[in-house]
Amino acid sequence: MGTTANRPAVPPQSLSPSRAADFMRCPLLYRFRVIDKLPEKPSAAAVRGTVVHAVLERLFDVPAGDRSVPRARALVPGEWERLLERRPELAQLFTREEDGATDGAELARWLEQAEALVERWFSLEDPTRLEPAERELFVEARLESGLRLRGIIDRVDVAPSGEVRIVDYKTGKAPRPEYAAEALFQMKFYALVVWRLKGVVPRRLQLVYLGSGDVLTYDPDETDLAGVERKLLALWEAIERATESGDWRPRRGRLCDWCDHQERCPEFGGTPPPYPQVLPLAPPGPAGAAEAEAPHAADTGSAGPQAAASGPDAAVTGPPAPRHPLDDAVPKEPGTAG
């Protein structure tokens with residue numbers, strides 16, 4: 001697994017929630033995605049998540065009084081067409097093998113499923129009472145160690161009191177209680193970045209599960225986020241060791257059945273490609289390869305390192321989400337996260 005190929009690769013120099021989750025789940029998967037950059041087939045579920053996220057973002061472009069279920073559902077076909085223009089290869093998801101024509105019935109069913117997810121959101125939150133401070137916000141912070149953390153936050157709400165809420169949409173179902181910590185890892189990661197950037201600990205982290213109609217909330221504190229930072233530093237050290245040694249071990253788990261790389265995985269009798277020659281590790285900084293956050297591919301469900309503790313304040317609720325001062329959030333200041 002440590003064989004060197006002639007093609008050089010730039011070592012990772014930043015960490016996102018998705019890639020951190022990959023490494024905790026399976027170091028070899030992290031290598032395939034970050035070092036080897038192996039392609040993966042798009043899935044209908046992941047692409048549906050991308051379309052739904054785009055609709056929920058765009059809906060806030062219209063006046064609050066016009067944010068209705070019919071208006072939101074009507075945005076779905078257009079967002080699919082926009083995505084298809086950028087990524088025409090996605091048309092193959094609905095192409096019949098026998099004649100290469102578009103399967104109109106299958107596409108219609110898929111669009112209806114996306115519209116149903118958008119409609120369910122209205123039973124969980126009231127968009128007419130929300131004016132997000134940020135949508136699809138890219139955040140990046142460098143820790144004192146030099147490690148750069150980065151990611152994309154679906155929505156940031158700021159209450160008149162200044163309290164910050166971070167919201168993430170998931171198009172899958174809420175996790176069972178024993179997996180709540182995994183789901184919250186991504187949110188704590190974002191909270192840590194916002195804290196390091198702005199000096200403010202978000203008041204609430206909220207996961208909105210459109211697939212099951214549930215809301216998972218968590219209220220972090222500084223001690224909690226400091227613990228997350230320590231875990232991320234330990235994780236990064238393990239990634240650096242694996243990068244230098246080429247020792248990326250597979251780890252069989254409950255998500256292996258959906259992995260695109262089984263034919264290359266020793267756990268399934270496969271052989272990984274030769275390990276590329278990795279350029280020397282450099283101190284993290286603006287230059288170099290910056291690992292990108294996955295575009296909502298993981299938003300179809302919940303996954304993340306089991307090392308993240310859920311804590312006593314985590315709660316899963318059904319519709320509607322519990323009322324909170326942040327439910328009447330208004331913009332704090334353009335271009336800020338709180």
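Please refer to the structure higher up on the page.
The paragraphs below set out a description of the structure included in this document. (Residues numbered from 1 in each chain as written. Predicted model: local features only at pLDDT ≥ 70, side-chain atom pairs only at ≥ 80, totals over all residues. Heavy atoms only, no water.)

### Comments concerning the overall build of the protein
Part 1 of the argument: Across its full length, the protein carries 7 helices and 9 strands.
Part 2 of the argument: Of all 338 residues assigned to the protein, the portion counted as buried reaches 49%.
Part 3 of the argument: In the protein, 77% of the contacts between residues at least 6 apart in sequence involve partners at least 24 apart.
Part 4 of the argument: Summed over all atoms, the accessible surface of the protein reaches about 15,600 Å², with 51% contributed by carbon and sulfur. (Helix = DSSP H or I, 4+ residues; strand = E, 2+ residues; numbered from the N terminus. Buried < 20%, exposed > 50% of the residue type's maximum accessible area, 1.4 Å probe, protein only. Contact = heavy atoms within 4.5 Å. Areas by Shrake-Rupley, 256 points an atom, 1.4 Å probe, with all protein chains shown as cover.)

### Points about the pattern of salt bridges
Part 1 of the argument: Within this structure, the stated rule accounts for 32 salt bridges.
Part 2 of the argument: Here Glu40 ties to Arg33 by a salt bridge, and the two come within 2.7 Å at their closest N and O atoms.
Part 3 of the argument: In this structure, Asp219 engages Arg203 in a salt bridge whose closest nitrogen and oxygen atoms are separated by 3.0 Å. Of this pair, Asp219 sits in the loop between β7 (214-218) and α7 (222-245) while Arg203 sits in the loop between α6 (180-198) and β6 (204-209), placing them 16 residues apart in sequence.
Part 4 of the argument: The network of salt bridges with common partners includes Arg19, Asp22, Arg25, Arg33 and Glu40. (Salt bridge = Lys/Arg side-chain N within 4 Å of Asp/Glu carboxyl O.)

### So, the packing of α6 against α7
Part 1 of the argument: Running from amino to carboxyl end, α6 crosses α7 at an angle of 105 degrees, the nearest separation of the two axes being 9 Å. With respect to each other, α6 and α7 are oriented roughly perpendicular. Where α6 approaches α7, its residues Phe185, Lys188, Phe189, Ala191, Leu192, Trp195 and Arg196 are matched on the opposing element by Glu222, Asp224, Leu225, Ala226, Val228, Glu229 and Leu232.
Part 2 of the argument: Grouping the amino acids of the contact of α6 with α7 by side-chain chemistry returns 9 nonpolar, no polar and 5 charged. (Axes fitted to C-alpha atoms, helices over the stretch in contact; angles between N-to-C directions. Parallel < 35°, antiparallel > 145°, perpendicular 65-115°, else oblique. Nonpolar A, V, L, I, M, F, W, Y, C, P; charged D, E, K, R; others polar.)

### Some details on the nonpolar core
Part 1 of the argument: Leu15, Leu149, Leu232 and Trp248 are the most contacted members of the largest nonpolar core, which totals 52 residues.
Part 2 of the argument: Counting residues per element, this core draws most heavily on α6, at 11 residues.
Part 3 of the argument: In this structure, Leu149 is in contact with Leu15, Val139, Glu140, Ala141, Leu143, Phe189, Leu192, Val193 and Leu232, ignoring residues within four places of it in sequence.
Part 4 of the argument: Core analysis: the second largest hydrophobic core is formed by 30 residues, Phe60, Trp110, Trp121 and Val208 among them. (Core = buried A, V, L, I, M, F, W, Y, C linked by side-chain atoms within 4.5 Å.)

### Some thoughts on helix α5 (residues 104-124)
Part 1 of the argument: In a regular helix each residue adds 1.5 Å, so 21 residues correspond to 30 Å; α5 covers 31 Å between its end C-alpha atoms and thus fits that length.
Part 2 of the argument: Considered for burial, the residues of α5 that qualify are Leu107, Trp110, Leu111, Ala114, Glu115, Leu117, Val118, Trp121 and Leu124. Projected down its long axis, α5 shows its buried positions confined to an angular sector of 170 degrees, all on one face.
Part 3 of the argument: Where α5 is buried, its residues touch α3 (44-58), α4 (69-86), β4 (148-158), β5 (164-170), β6 and β7. (Expected span 1.5 Å × (residues − 1). Arc of directions from axis to C-beta.)

### Quick look at the pairing of β7
If a strand is regular, its side chains alternate between the two faces of the sheet.
Part 1 of the argument: The buried fraction of β7 amounts to 5 of the 5 residues, a majority that puts the element mostly inside the structure.
Part 2 of the argument: On β7, burial covers both faces: Asp214, Leu216 and Tyr218 on one face and Val215 and Thr217 on the other are all buried.
Part 3 of the argument: Connecting the antiparallel pair β6 and β7 is a turn made up of 4 residues, with Gly213 showing a positive phi of about 75 degrees. (Pairing = 2+ DSSP bridges.)

### Quick word on the pairing of β5
Part 1 of the argument: The buried fraction of β5 amounts to 7 of the 7 residues, a majority that puts the element mostly inside the structure.
Part 2 of the argument: Both faces of β5 are covered, namely the face carrying Val164, Ile166, Asp168 and Lys170 and the face carrying Arg165, Val167 and Tyr169.
Part 3 of the argument: Connecting the antiparallel pair β4 and β5 is a turn made up of 5 residues, with Gly162 showing a positive phi of about 95 degrees.
Part 4 of the argument: Sheet topology note: the β5/β6 ladder contains 6 bridges and is parallel. Bridging from a neighbouring strand, Val167 pairs with Gln206 of β6.
Part 5 of the argument: As a crossover connection, the stretch from β5 through α6 into β6 is right-handed. (Right-handed = clockwise from strand over helix to strand, strands pointing away.)

### Details of α3
Think of an α-helix as turning once every 3.6 residues; residues three or four places apart then point the same way.
Part 1 of the argument: Here α3 contains 15 residues, and its C-alpha end-to-end distance of 21 Å stays within 8% of the 21 Å for a straight helix at 1.5 Å per residue.
Part 2 of the argument: Of all the positions in α3, only Ala46, Val47, Arg48, Gly49, Val51, Val52, His53, Val55 and Leu56 are classed as buried.
Part 3 of the argument: Considering only its buried residues, α3 is in contact with α4, α5, β3 (134-142), β4 and β5.

### Section: the state of the cysteines
Part 1 of the argument: According to the stated counting rule, one finds 0 disulfides in the structure shown.
Part 2 of the argument: The thiol of Cys26 is not disulfide-bonded; the next cysteine sulfur, from Cys265, is found 5.9 Å away.
Part 3 of the argument: On the basis of relative accessible area, Cys26 is assigned to the buried category, the value being 11%.
Part 4 of the argument: There is no disulfide at Cys259, and the cysteine sulfur nearest it, in Cys256, is 6.6 Å away. (Disulfide = S-S within 2.5 Å.)

### Points about the environment of Tyr190
Part 1 of the argument: Along the chain, Tyr190 turns up in helix α6.
Part 2 of the argument: The class for Tyr190 is buried, based on a relative accessible area of 1%.
Part 3 of the argument: Along the primary structure Tyr190 and Glu140 are separated by 50 residues, whereas in three dimensions their C-alpha atoms are 9.3 Å apart.
Part 4 of the argument: Of note is the side chain of Tyr190, whose polar atom sits 2.9 Å from the backbone oxygen of Ile152. (Polar contact = N/O pair within 3.5 Å; in protein donor to acceptor, adjacent residues only side chain to side chain.)

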